[in-house]
4 protein chains.
Amino acid sequence: MYQSDKLHEECGVFGLYRRGDTADGVISETYHALYALQHRGQESCGMAINRDGVISCHKDVGLVTEFFTKDRMERMSEGQMAIGHCRYGSQISLNRENAQPLLVNHLKGAMALCHNGVLTNAAELRAQYELSGAIFHTTSDIEVIAYAITQQRLKLGSIEEAVRAAMGVIEGAYSMLIMSATKMIAVRDPHGFRPLCMGRLGDDVVFASETCALDAIGARFVRDILPGEMVVVNRRGVEVYPPIRAEGSGLCVFEFVYFARPDSVVDGVSVHQSRVEAGRILARNHPVEADVVIGAPDSGLDAALGYSYESGIPYGIGLIKNKYIGRTFIQPTQNQRADSVRIKLNAVTATVRDKRVVLVDDSIVRGTTSARVVRILREAGAKEVHVMFSSPPFRYNCYFGTDIESEETLIANQHTKEEICQIIGADSIGFLPLEAVDELTCGVKIPLCRGCFTGEYPIAPPKSTAKHKFEIPLNPEGKEKQS
Amino acid sequence: MYQSDKLHEECGVFGLYRRGDTADGVISETYHALYALQHRGQESCGMAINRDGVISCHKDVGLVTEFFTKDRMERMSEGQMAIGHCRYGSQISLNRENAQPLLVNHLKGAMALCHNGVLTNAAELRAQYELSGAIFHTTSDIEVIAYAITQQRLKLGSIEEAVRAAMGVIEGAYSMLIMSATKMIAVRDPHGFRPLCMGRLGDDVVFASETCALDAIGARFVRDILPGEMVVVNRRGVEVYPPIRAEGSGLCVFEFVYFARPDSVVDGVSVHQSRVEAGRILARNHPVEADVVIGAPDSGLDAALGYSYESGIPYGIGLIKNKYIGRTFIQPTQNQRADSVRIKLNAVTATVRDKRVVLVDDSIVRGTTSARVVRILREAGAKEVHVMFSSPPFRYNCYFGTDIESEETLIANQHTKEEICQIIGADSIGFLPLEAVDELTCGVKIPLCRGCFTGEYPIAPPKSTAKHKFEIPLNPEGKEKQS
Amino acid sequence: MYQSDKLHEECGVFGLYRRGDTADGVISETYHALYALQHRGQESCGMAINRDGVISCHKDVGLVTEFFTKDRMERMSEGQMAIGHCRYGSQISLNRENAQPLLVNHLKGAMALCHNGVLTNAAELRAQYELSGAIFHTTSDIEVIAYAITQQRLKLGSIEEAVRAAMGVIEGAYSMLIMSATKMIAVRDPHGFRPLCMGRLGDDVVFASETCALDAIGARFVRDILPGEMVVVNRRGVEVYPPIRAEGSGLCVFEFVYFARPDSVVDGVSVHQSRVEAGRILARNHPVEADVVIGAPDSGLDAALGYSYESGIPYGIGLIKNKYIGRTFIQPTQNQRADSVRIKLNAVTATVRDKRVVLVDDSIVRGTTSARVVRILREAGAKEVHVMFSSPPFRYNCYFGTDIESEETLIANQHTKEEICQIIGADSIGFLPLEAVDELTCGVKIPLCRGCFTGEYPIAPPKSTAKHKFEIPLNPEGKEKQS
Amino acid sequence: MYQSDKLHEECGVFGLYRRGDTADGVISETYHALYALQHRGQESCGMAINRDGVISCHKDVGLVTEFFTKDRMERMSEGQMAIGHCRYGSQISLNRENAQPLLVNHLKGAMALCHNGVLTNAAELRAQYELSGAIFHTTSDIEVIAYAITQQRLKLGSIEEAVRAAMGVIEGAYSMLIMSATKMIAVRDPHGFRPLCMGRLGDDVVFASETCALDAIGARFVRDILPGEMVVVNRRGVEVYPPIRAEGSGLCVFEFVYFARPDSVVDGVSVHQSRVEAGRILARNHPVEADVVIGAPDSGLDAALGYSYESGIPYGIGLIKNKYIGRTFIQPTQNQRADSVRIKLNAVTATVRDKRVVLVDDSIVRGTTSARVVRILREAGAKEVHVMFSSPPFRYNCYFGTDIESEETLIANQHTKEEICQIIGADSIGFLPLEAVDELTCGVKIPLCRGCFTGEYPIAPPKSTAKHKFEIPLNPEGKEKQS
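Residues numbered from 1 in each chain as written. Chains lettered and ligands numbered in written order. Predicted model: local features only at pLDDT ≥ 70, side-chain atom pairs only at ≥ 80, totals over all residues. Heavy atoms only, no water.

A.B. asks: Sorry, what's going on with the overall build of chain A here?
C.D. replies: Within chain A one finds 16 helices and 25 strands. Radius of gyration (C-alpha) of chain A: 23 Å, near the 23 Å computed for a compact globule of 483 residues. Classification of the 483 residues of chain A by burial places 65% in the buried group. Long-range pairs, those at least 24 residues apart, make up 70% of the contacts in chain A between residues at least 6 apart in sequence. Accessible surface computed for chain A: about 16,200 Å², of which carbon and sulfur atoms make up 48%. (Helix = DSSP H or I, 4+ residues; strand = E, 2+ residues; numbered from the N terminus. Rg over C-alpha atoms; globule rule 2.2 N^0.38 Å. Buried < 20%, exposed > 50% of the residue type's maximum accessible area, 1.4 Å probe, protein only. Contact = heavy atoms within 4.5 Å. Areas by Shrake-Rupley, 256 points an atom, 1.4 Å probe, with all protein chains shown as cover.)

Okay, here's the thing in structure tokens:
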């Protein structure tokens, strides 16, 4: 848990189409909505604003509250539409150029795009477009999507037709928003890997990755965008294009387990309730004799409560997280005595001393942090520590927007449950049973992607490893076949 | 809860005296300790570092992680001793000059000081020193304390004697650290209004406002500094000067109720346990029929758990706080539709819909936020909302380091319990009974200051309103008696 | 003179190909060279660095010394090649995206480009590429050039062939540098509107807009790149492609009159000497009886000296320029008493009081500053002020890289010489005769572009006004033909 | 010349007392005046503004245009009075705390002060005040002055009497401005080491270190403040206190030679004219056969002109200075090929090639830059280089505001004229004869301080070396007599 040893979601998106006459408040509304989606991506953020058809774009690395200062927002010009984005970026791609939205100009005018997800055929499409003379400025999938739409737009009469056609070309996970001079388009990929919902704010139409963004700005939830669906908003109103459905499963389990905020409702399921349910399932499958159940803040708290409810073991507050988290915090180095986990997470001695403790966490990635937390609890006097994970073992690569370094770094890919227990120093550990995953939707029927648990994916993984040309080194033999 | 409608603590202090030979890691250790104390003051921070007797000071407005960047820390020179500080500052005094530590030079050399607390006779002392020709650069009490010590130092043979003598001159709340060229001195006022503890990090000696700072850097808790006690550390070791005790009560109740981190232990009492106990007391004194008990994050969570334990009503997670808090967040303005409370705090519908909810919060100040939260819960479907405060009504000014605008703005100063219930729109409300305050120490005998509940203070309040001369306007009649 | 009422050059370029083995010092060398070219563009700057074939790019608005801080440069990774750029940007295009170099990825890998100049057929090419599906991220000509090269590269075997072919497609003024994974290519347009020279730094090859950049880093001048010439540097050495020459004139007169630094040598002509010659010509054509000749700092000083030499009237220092110029200086507003011209330029009373003064300036644009300076001299006691301009009247648009708002704002476009004299309040004025322009090259035979004086251009001006699509507003009638 | 190898002036001061009713424009006026005085100190700057008797202060390290951004100025509140300051600071004292103005509060209210100069008895006064219990926050003389005034104010009835009395206590060089709640006071030390003048801006009264600041804001010069004079401005008007004169010389020669701007008039003498005169004297005393006279920019240009006038040898422009100077420029390191002098100063080959060159510079400090410039000229083809300095050899410490590292680093302290000539590689060198120094005032009778040439000072140098207590290291023997 707790930062570096956590999974990373790729993004959050937000869009607002003001149907009234005023060009006012669009910036502020987008700012507050992105702030509510900040947990979906803390490394860069941006907004594209449409004022009378002219689109301006503001983006950079940093948190929403860091980049969008009062001064900056006052200098930005208001508009009638905006799309916004926050994103997590892997080390290699972390730079200003890869921040979203992407604002481009093509034959038919300006277009701003942003998305949450990862394409599986980006490398192939990129190569194909380059063959026809395309130039790429970034290493981001969104630029590939922009080309895919533009290519269709040359042949088709409207941007919505072009987007619709592009959906037949791009493959993978994407929940995206596209803004042209006059329209806003919301699209979710045919599997629906990532959430996307629609709301109303008075007459205005809003789109967001999670309902908590709607709540933040006082918007009313209308409905989720269905997998494969496209919704177009323009001056005449809202037009819905029926879903293109794909075979097989879709929504990422980790949206419930870890990514989404507990106060959000994703595809009809309360994230909080889903996590409580996970805790209950764990309690039934992994009963232990214990004195207290505690959660690893913040994502383990709801499941810990579920475990407590089901088992009857009292719920306690056993770990306190330093809430002044931030990108600028400086980790202690190896030879300093301070402990990076302890600085962020401290035990409540009164809760755990001389107790048999059940610790509920969402998942285990590399395992280093789990080991450290178990030790913190023991140092605070816990007699026993039983660790329960509210998801099955994370064993395989994800190709749809959950960033891990490589399969080999996953403790569950390399070790058995017993070995993991020993490695992290727990008295016992439990995982959510794979067959119980469907119960996480609390009775709502949603086909969930569980590729990271099984290695079986709803879409074929990318063929190439996408080591792109920006990084081909000089040929040391001097052959210079590179241009 | 939730920022502006909350009480404000004045500060956190930290000190480290390295007894080994190396001048290394002092900066990093202080940084991480201040980070752990950040909740005690988010508006300015600073460190004074002593390298071979030469003291340098680095301070500014901003969070620890904002001001102490990697670049800055690399440019700072390491030392064998350091004191650090983080502080809350009222609007009027919020500027770089008032940040601490204060580094001054007097007859006997350089001295750095920082404190947590407020003097009650600062205005009188200030006037008296000015009469003898003193110049003040700041409006801070710490500069008055520096003078008090310096005045004594002229007559006495050592800085420790001077500090000891100054304790007879200054009155009020102060837990402070003083660093000279060769010594570090920790002092707590005779009433012990604010906490201060000592620990060991190997051979090194550390002081901190709360034990959570010791935990963060892996230091071992040794003991609390007693009210009126002075501890001096130099090359020869640690010397303790016996406490000067004052009549009457001392430690601020709100250290348990709200200020300190739940994982800290203050004067022998677990803050978490104290809050759980408060919840239990509330449950016994204000039983209600309800379906779920929820806490207002973060300070109401522990007491909510206590209420649940005692009442048997299930504990739930009913409110989610946006964790990307920060000084730079831009509040929505009046005429924007976003709601500043809602952006920071959202209801978990699954927990509260169609439920009779007990909401536990730590205290009520102006009442505006409580009203807004009750409404948020009702909008999420709560059938009933009963609000329990884990402290007695906050009715009177505090002169010892808890900042409120004025008594008149306190809802409990102006209204009865029934009126408050109606104003905030609750079904019922409950306060911790005044006579139960002593139970918050869980059996440890500590005389607690309860002036804010009763208006009876352990020390006489300041006579003057301390409207200082920096702010006397020009005489419009042209008399110019101001020089 | 003096900022806003001056002509603006579009850019300066620099390139370095290290032939030795070390990847060291490329950043520092480029930094210092760009610093020497800063006068050619103060609004944005950038560097692209090639390390073993992988190119990284760093650019933003701001001066070289503002953006390239010590911290930033230490974090940048060194390489074996680099190209750098500084630029002036008109208001509309001033943003980070339009800064250069441009780093793109196409079929054949990465390519970084930067240029000095303006294309006359950019709008046509842009439209044509968009028709084949191209996407544009910026409004800059350099992106059009990148496409032109890429289009050729699809058909041709090497980047140098592609660049060569692209020279047949793009039209206008460009002196540019292109860096691929393994090569650096320097190109000058067939008319040679803007300067470009080559030098050696030990074994390393360097290119720069002006020789002063070579001097700054201790490089030896080798020769100017000829109009239409292409020079390719790779591991095997330097290869020169013979010039493609265009009919008619070329090099911009204002490189001598105003843009280039006096210590530079452009196409074999000392800029200082050229200006001195201009002063001599003025003295012969516009003799006046006067006591002192002064120059308007800085660009009028050399010509003033020439006027003094030829006329025998003593040279004096009559105007002092505040040297703390900078982008961040805040102009006084209309209703403030301070005078923006006076703040930057003050008279030396001792030089001009009771004197008949000849003031030599480079050119007159809107005329407002000239009027203000004449008044400053009169207020300092000058009996007469005769203003001599070391260029013919600037009357027409320039399409090749000299930025003016529009012809209509040019005082010489709207007024006769006599009217101008009256408007600026001079006793007499003189311009460099049009027929003397060729003498500015001091005997070296260079065909000079004088379109801004005559309205006759070596290349046809752009057809469209290039009001690009980024700025097409929403159709208010709701026709929405914009996608 | 050229930065590090130059003398450094300590400061520039400015004050504005608005006599009209409006509190408007004071900030802008002070900003522009400080900008005009920037050459007197580039390392920190500040303003204290008096609004209805309440004084606020804004200061930091950095140039005026760097620290006083538009945003900052908009947030500052306007007033009826302001004093401003820019300063050079030696390495040891360069920090925010030592920036001026100093704003303090004493018995009689708030007071802001700033000065240009150096006290010779600061260490003694400091020790004396500390004995009476004073605390010092800075290492700056201005804090000592504040105490000196405060001490007197306790005994005397008004601030002007206190300042007057303090003038009998402090010794050394000071031109200073003091602002109380209702008054502005301008004082110049009895020797008048540093300039200070008064002007009018409509009804408003202004004070400035140099007249160029008056010109910048359109103020009219009224007169110089005489040595030892005090001028008090309040609502009733301007009151002048007759000068306290000191024996012996006063005004620093280098104000004419180097510090002041050529367009300023100091104590009745045009700085430009003084420098031209210096050049004439040099030509008479050190005639050489040469082809061209060039000045080292910027301070050598006027004297070069004088040399040319007197000798009849043509004046030329032989060196070009990069005008994008700035604190943030990064010097090349030793092992980089770029040359820090060359980057800032390049030869104009056309002017010096095959010529016998007379180079006129203001003074020689360490000599390293002179040597480098001679080499640059030779590399550009100069046949001979004769270097003329428009001041006598700088041989001794200055205690009155001209900062040099130590006498030993002065080339003229260590070497004869012949040795210097050889060291810098010149064909011959000439200095202004010591006996000609009085001619620099162009007939105006001003007793000039020439201590740096002779070692004989108008005031006794400081006794102690003022190694202050902030820097006394820990006693390694453990005696701990400190503290």
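A.B. asks: Can you walk me through the nonpolar core in this structure?
C.D. replies: One broad rule of soluble globular proteins: the nonpolar side chains tend to lie buried together. Core analysis: the biggest nonpolar cluster contains 64 residues, and Leu113, Ile149 and Ile178 of chain A together with Leu113, Ile149 and Ile178 of chain C have the highest contact counts within it. In this structure Ile149 of chain C touches Met111, Leu113, Ala162, Val163, Ala166 and Ile178 of chain C, once residues within four positions along its chain are discounted. Judged by nonpolar contacts, the second largest core, of 63 residues, contains Ile142 of chain B together with Tyr129, Ile159 and Ile170 of chain D. (Core = buried A, V, L, I, M, F, W, Y, C linked by side-chain atoms within 4.5 Å.)

A.B. asks: Mind showing me how you'd approach the pairing of strand S10 (residues 197–201) of chain A here?
C.D. replies: Looking along a regular strand, one sees side chains alternate from face to face of the sheet. Residues and elements named next belong to chain A. Judged by how many residues are buried, S10 sits mostly within the fold: 4 of 5 residues are covered. Between S10 and strand S11 (residues 204–208), which pair antiparallel and follow one another directly, the connecting turn spans 2 residues, one of which, Gly202, has a positive phi of 65°. As judged from the 4 bridges shared by S10 and strand S12 (residues 220–224), these two strands associate in the antiparallel manner. Bridging from a neighbouring strand, Met198 pairs with Arg223 of S12. (Pairing = 2+ DSSP bridges.)

A.B. asks: Which parts of the structure should I look at to understand the packing of helix H9 (residues 271–285) of chain A against helix H10 (residues 301–311) of chain A?
C.D. replies: A pair of packed helices is captured by two measures, namely the crossing angle of their axes and the spacing between those axes. Residue and element names in this part refer to chain A. Running from N to C, H9 and H10 cross one another at 45°; their axes reach a closest spacing of 6 Å. If you check the angle between H9 and H10, you find them oblique. Of the two elements, H9 crosses H10, and the hand of that crossing is right-handed. Taken together, the residues of H10 that come into contact with H9 (itself represented by His272, Arg275, Val276, Gly279, Arg280, Leu282, Ala283 and Arg284) are Asp302, Ala303, Gly306, Tyr307, Tyr309, Glu310 and Ser311. Here the contact of H9 with H10 is composed, by residue class, of 6 nonpolar, 4 polar and 5 charged. (Axes fitted to C-alpha atoms, helices over the stretch in contact; angles between N-to-C directions. Parallel < 35°, antiparallel > 145°, perpendicular 65-115°, else oblique. Left-handed = near helix turned anticlockwise from the far one by under 90°. Nonpolar A, V, L, I, M, F, W, Y, C, P; charged D, E, K, R; others polar.)

A.B. asks: Quick question: what am I supposed to make of the side chain of Glu160 of chain C here?
C.D. replies: Relative to the helices and strands, Glu160 of chain C resides in helix H6 (residues 159–166). With residues near it in sequence (within four places) discarded, Glu160 of chain C still touches Lys183, Ile185, Met230, Val232 and Tyr241 of chain C.

A.B. asks: Honestly, the pattern of salt bridges in this entry has me stumped. Any pointers?
C.D. replies: Pairing between side chains of opposite charge can happen when the charged atoms of each approach one another. Enumeration according to the criterion identifies 91 salt bridges over all chains in this entry. In this structure, Glu210 of chain D and Arg40 of chain D form a salt bridge, with 2.7 Å as the shortest nitrogen-oxygen distance. Of the two residues, Glu210 of chain D sits in the loop between strand S11 (204–208) and helix H7 (211–216) while Arg40 of chain D sits in the loop between helix H1 (26–36) and strand S3 (44–51), which places them 170 residues apart along the sequence. With respect to burial, Glu210 of chain D and Arg40 of chain D carry one shared label: buried. Among the charged side chains, a network of salt bridges with common partners joins Glu277, Arg280, Arg284, Glu310 and Glu439 of chain A. (Salt bridge = Lys/Arg side-chain N within 4 Å of Asp/Glu carboxyl O.)

A.B. asks: Which parts of the structure should I look at to understand the environment of Ile149 of chain D?
C.D. replies: Summarising the element assignment, Ile149 of chain D is placed in helix H5 (residues 141–155). Along the sequence, Ile149 of chain D and Asp60 of chain D sit 89 residues apart, while their C-alpha atoms lie 25 Å from each other.

A.B. asks: Help me understand the relation of the copies chain C and chain D in this model?
C.D. replies: Two copies of one chain are present, and they are related through a rotation about an axis combined with an axial shift. Superposing chain C onto chain D requires a rotation of 180° together with a translation of 0.0 Å along the rotation axis, leaving an RMSD of 0.0 Å. Within this description, the copies of the chain are treated as partners about a two-fold rotation axis. For chain C, the minimum C-alpha distance to the rotation axis belongs to Lys323 of chain C and amounts to 3.4 Å. (Least-squares fit on C-alpha atoms with pLDDT ≥ 70 in both.)

A.B. asks: Sorry, what's going on with the side chain of Gln152 of chain B here?
C.D. replies: On the secondary structure map, Gln152 of chain B appears in helix H5 (residues 141–155). Beyond its immediate sequence surroundings of up to four residues, Gln152 of chain B is in contact with Ala162, Ala165, Ala166 and Val169 of chain B.

A.B. asks: Teacher, can you tell me more about the domain arrangement of chain A here?
C.D. replies: Interfaces are often sized by the accessible area lost when the parts come together. All names here are of chain A. For chain A, the assigned domains are domain 1 (11–248) and domain 2 (270–322 + 331–443). Summarising the inter-unit geometry, the C-alpha centres of domain 1 and domain 2 are found 35 Å apart. At the junction of the two partners, domain 1 supplies 7 residues and domain 2 supplies 5 residues. Three residues stand out in domain 1 for area buried against domain 2, namely Val118, Phe193 and Arg194, and they jointly supply 55% of the buried area on that side. Taken together, the connections running from domain 1 to domain 2 amount to 0 salt bridges. In this assembly, domain 1 and domain 2 are joined by 2 residue pairs in polar contact (both at pLDDT 80 or more). Of the residues in the side of domain 1 that touches domain 2, the class split is 4 nonpolar, 2 polar and 1 charged. (Domains from an automatic or database assignment. Buried area = accessible area lost by both parts, 1.4 Å probe. Polar contact = N/O pair within 3.5 Å; in protein donor to acceptor, adjacent residues only side chain to side chain.)

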